[in-house]
Amino acid sequence: MKKRILIIGASGQIGTELTVYLRSKFGSHKVIASDIREGSEEMMQSGPFEILDAMDYEAIQEVVIRHEITDVYLMAAMLSATAEKFPMKGWNLNMNSLFHVLNLAKDKKIDKVFWPSSIAVFGPTTPKTNTPQCTVMEPSTVYGISKQTGERWCEYYHNRYGVDVRSIRYPGLISYKTLPGGGTTDYAVDIYHKALKHKEYVCFLNAETTLPMMFMDDAIRATVGIMETDKENIKVRSSYNLSGLSFNPEEITASIQKHIPEFKISYDPDFRQAIADSWPQSIDDSEARTDWGWEHKVSLDEMTAIMLDNLKDEYL
Ligand code: AKB
């Protein structure tokens, strides 16, 4: 098989686990991990690694040609909370990196692109529950604006130049292997660490803030699933809605208390509350299910058991 994969942003929350998964699926030497900084020892030793700035077109092109890359997963991005602090930096990183990769595909230097979108494409005027694939989208964050714009460009490059770009709208992602950085949904990872360490957690969102979430294993399966499905199955070339779980801080607390009864949560909402309030509570992902067979597996209680079990040794 000719396939050779480049992951840009391999050291991030999704990139780290995606690298491990793709290397085990396709063989280590076929998956080139890259990031702006050196990766973990495990990542550097388990296969090829390149230092690569997602904003540097020439450097990406050089790596693509040297390694004869066919598929690019562009995972470098600035998330919602950080992008509110550095709007222009967030916009530049999220947009320029996408154009670089789309242009490489347009010029036939690569065959296929994965680009992550997010539930942040939706805004305060979007229907909040069971948010449909096609609906009102008026994002109110820099991150959301960059993702919605990116979706339009993905569809445009597909329609105009035949670029094979595939994308999903990630909900908040939860993993015990890597920490998220700069997102609004990050509390749902931090809460497990604090529950084990301090038996209490001060949450930056209020008790009733229901958001779409997903366990990382499901997200990785979805990511590779959409990339590996036949081209004809992909009917949406902007980005697919993707759903797994929906819960609020009170509900995740109740799930943790089944294992740690003394665990307590208190609330001190900050600027991230307004971001969360602008996003949907649950997502209708029937098009992803119909078109390329997406199915989520992990429930909230299953995720809690896995998270606590895998993190407990860190806090003994
Ligand atoms: C964030 O909170 O910014 C991200 C996202 C929902 O895309 N996790």
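Since this is a predicted model, take the numbers as computed values, not measurements. Every chain is numbered on its own, with residues counted from 1 as its sequence reads. With pLDDT at 70 or above as the cut-off, local features in this predicted model cover only qualifying residues; side-chain atom pairs require 80 or more to be listed or tallied, and sums for whole chains, interfaces and linings still use all residues.

### Structural notes on helix H9 (residues 249–257)
The burial criterion counts other C-beta atoms lying within 10 Å of a residue's C-beta, which is placed from the backbone; the residue is buried at 20 or more, exposed at 12 or fewer, and partly exposed between these limits. Secondary structure follows DSSP: runs of H or I at least 4 residues long count as helices, runs of E at least 2 residues long count as strands, and numbering of each begins at the N terminus. Among all positions of H9, only Pro249, Ile252, Ser255 and Ile256 are buried. On an axial view of H9, the arc spanned by its buried residues comes to 125 degrees, and they lie on one face. We call two residues in contact when their backbone-placed C-beta atoms lie within 7 Å. Along its buried surface, H9 packs onto helix H7 (187–197), strand E10 (200–203), strand E13 (245–247), strand E14 (264–267) and helix H12 (300–311). It is the directions from the helix axis to the C-beta atoms whose arc is reported.

### Focus on the site of the ligand
Each residue gets a C-beta atom placed from its backbone. Should that atom fall within 6 Å of a molecule or strand, the residue is termed near it. Taken together, Leu79, Ser80, Ser118, Ile119, Ala120, Tyr143, Tyr170, Gly172, Gly183, Thr184 and Thr185 make up the full set of residues adjacent to the ligand. Under the scheme applied, nonpolar residues are Ala, Val, Leu, Ile, Met, Phe, Trp, Tyr, Cys and Pro; charged residues are Asp, Glu, Lys and Arg; polar residues are all the others, including Gly. A breakdown of the residues in the shell around the ligand according to their chemical character gives five nonpolar, six polar and no charged. Domains are outlined according to an automatic or database domain assignment. Looking at the shell around the ligand, you find at least three residues from each of domain 1 (5–171 + 215–241) and domain 2 (173–213 + 244–281 + 297–315).

### Some thoughts on the domain arrangement of the protein
Many authors give the size of an interface as the accessible area that is lost as the parts come together. When cut into domains, the protein gives domain 1 (5–171 + 215–241) and domain 2 (173–213 + 244–281 + 297–315). Between domain 1 and domain 2, the C-alpha centre-to-centre distance is 25 Å. With 28 residues of domain 1 at the interface, the matching set in domain 2 holds 24 residues. Of all the secondary structure elements, the ones that give two or more residues to the side of domain 1 that touches domain 2 are helix H1 (13–26), helix H4 (80–85) and helix H8 (216–228). Taken together, the residues of the side of domain 1 that touches domain 2 sort by class into 13 nonpolar, 10 polar and five charged.

### Structural notes on the UniProt feature "domain: NAD-dependent epimerase/dehydratase" (unreviewed entry) in the protein
The residues that UniProt annotates with the feature "domain: NAD-dependent epimerase/dehydratase" (unreviewed entry) are residues 5–233. Note that residues 5–233 is 43% helix and 17% strand, and that its end C-alpha atoms are spaced 21 Å apart. UniProt positions are given in the numbering used here, feature names are shortened, and annotations may be inferred rather than shown by experiment.

### Let's talk about H12
Side chains that are three or four residues apart share a direction in an α-helix, a result of its 3.6 residues per turn. Expected helix span is taken as 1.5 Å per residue step, with the number of steps being one fewer than the number of residues. For H12, with 12 residues, the first-to-last C-alpha span of 16 Å sits near the 16 Å given by 1.5 Å per residue. Elements in contact with the buried residues of H12: strand E9 (172–174), H7, strand E11 (211–215) and H9.

### Let's talk about the sheet that holds strand E4 (residues 71–74)
Paired through their backbone hydrogen bonds, the strands of a sheet run either parallel or antiparallel. Strands are labelled as partners when DSSP assigns at least two bridges between them. The parallel open sheet is built from six strands, whose spatial order is E3-E2-E1-E4-E5-E7. Each of the sheet's edge strands pairs with one partner strand only, and the pair in question is strand E3 (49–51) and strand E7 (164–166). Pairwise comparison of adjacent strand axes, ignoring direction, gives a mean angle of 20 degrees for this sheet. Of the strand pairs in this sheet, strand E1 (residues 5–8) and strand E2 (residues 31–35) are connected by four bridges, and their pairing is parallel. Bridge pairing in E2 places isoleucine 5 opposite valine 31. As a rule, the C-alpha atoms of each element are fitted with a line to give its axis, helices using only the stretch in contact, and angles between N-to-C directions run from 0 to 180 degrees.

### Looking at unusual backbone geometry
Positive phi, close to 50 degrees, is recorded for asparagine 130, a residue that is not glycine. Inspection of the secondary structure assignment puts asparagine 130 in the loop between strand E6 (117–118) and helix H6 (142–161). Backbone geometry at lysine 199 places phi at a positive 60 degrees, although glycine is not the residue there. For lysine 199, a count of 13 C-beta atoms within 10 Å corresponds to the partly exposed category.

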